[in-house]
Amino acid sequence: MTSIAARTFKSGNTVKAGAVITLKAGGSNKKLSGGATAAELVRPAEFGTTRRDKSTKYYRTSPNGTRHTVTRRTSRQLPNRRRGGYVIYPAAGRSTKRIVSLSVQTVTRRIYDSIEGG
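Here's what I pulled together on the structure shown here.

### Re the pairing of strand E4 (residues 67-72)
Residues in a regular strand point their side chains to alternate faces of the sheet.
Reasoning step 1: Strand direction decides the pairing type here: strand E3 (residues 56-61) and E4, joined by six bridges, are antiparallel. Paired with Thr56 across the two strands is Arg72, which belongs to E4.
Reasoning step 2: The hairpin turn running from E3 into E4, its antiparallel successor, is five residues long, and Gly65 in that turn takes a positive phi close to 100 degrees.

Structural data, given as structure tokens:
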């Protein structure tokens, strides 16, 4: 897990149980050190970016008054693009079998108890 993913998915993750199981990640609106919220960084932290090597150029004036060009690689900290995800998708894929199995067992047990009890 990359450091940006660790910070993004650290808080605000929920699992809503019911007929349809819903996973929600990065729901926190607390700003991280760079100024972005976890909600804004969920998609790039999970799936990466194709703009990893792109750069932004702008002019800056130094304290002594000289002007020079600054080149920043603002997406360098993000991983390369991956359709299958890096954090949530692999974890959900590994746990889905167990969640479905538990749901089936619970429904089967309730049906059995209702037949035995009544």
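### Some remarks on the environment of Lys30
Reasoning step 1: Along the chain, Lys30 falls in the loop between strand E2 (22-24) and helix H2 (38-47).
Reasoning step 2: Residue contacts for Lys30: discarding those within four places in its chain leaves Ala36, Thr37 and Ala38.

### Some thoughts on the packing of aromatic side chains
Reasoning step 1: Enumeration according to the criterion identifies one aromatic pair in this entry.
Reasoning step 2: When the ring of Phe47 is compared with that of Tyr89, the centres are 5.1 Å apart and the planes differ by 85 degrees; the resulting orientation is edge-to-face. Linking Phe47 in helix H2 with Tyr89 in helix H3 (residues 88-117), this pair joins segments that are 42 residues apart in sequence.
Reasoning step 3: The class of Phe47 is buried, set by a relative accessible area of 13%.
Reasoning step 4: Taking relative accessible area as the criterion, Tyr89 reaches 49% and is therefore assigned partly exposed.
Reasoning step 5: Stacked on the ring of Tyr59, the Lys or Arg Arg67 has its end atom at 4.5 Å from the ring centre.

### A few points about H2
Reasoning step 1: Those residues of H2 that sit buried are Ala38, Leu41, Val42, Ala45, Glu46 and Phe47.
Reasoning step 2: Gly48 sits one or two residues past H2 and shows a positive phi near 80 degrees.

### A closer look at a nonpolar patch on the surface
Reasoning step 1: A cluster of nonpolar side chains, namely Val107, Ile111 and Ile115, defines an oily patch on the protein surface of about 300 Å² accessible area.
Reasoning step 2: Examined against the element boundaries, Val107 turns out to sit in helix H3.

### Quick look at the side chain of Thr49
Reasoning step 1: Summarising the element assignment, Thr49 is placed in the loop between H2 and E3.
Reasoning step 2: Overall, Thr49 belongs to the buried group, its relative accessible area being 13%.
Reasoning step 3: Residues within four places of Thr49 in sequence aside, it is in contact with Ser75, Leu78, Pro79, Asn80 and Arg81.

Reading the values: the criteria
- Residues numbered from 1 in each chain as written.
- Predicted model: local features only at pLDDT ≥ 70, side-chain atom pairs only at ≥ 80, totals over all residues.
- Heavy atoms only, no water.
- Pairing = 2+ DSSP bridges.
- Helix = DSSP H or I, 4+ residues; strand = E, 2+ residues; numbered from the N terminus.
- Contact = heavy atoms within 4.5 Å.
- Phe/Tyr/Trp six-rings, centres within 6.5 Å; stacked < 30°, edge-to-face > 60°.
- Buried < 20%, exposed > 50% of the residue type's maximum accessible area, 1.4 Å probe, protein only.
- Lys NZ or Arg CZ within 6 Å of the ring centre and 35° of its normal.
- Patch = residues over 30% accessible without salt bridge, like charges linked within 9 Å, V, L, I, M, F, W, Y side chains within 5 Å.
- Areas by Shrake-Rupley, 256 points an atom, 1.4 Å probe, with all protein chains shown as cover.
- Salt bridge = Lys/Arg side-chain N within 4 Å of Asp/Glu carboxyl O.

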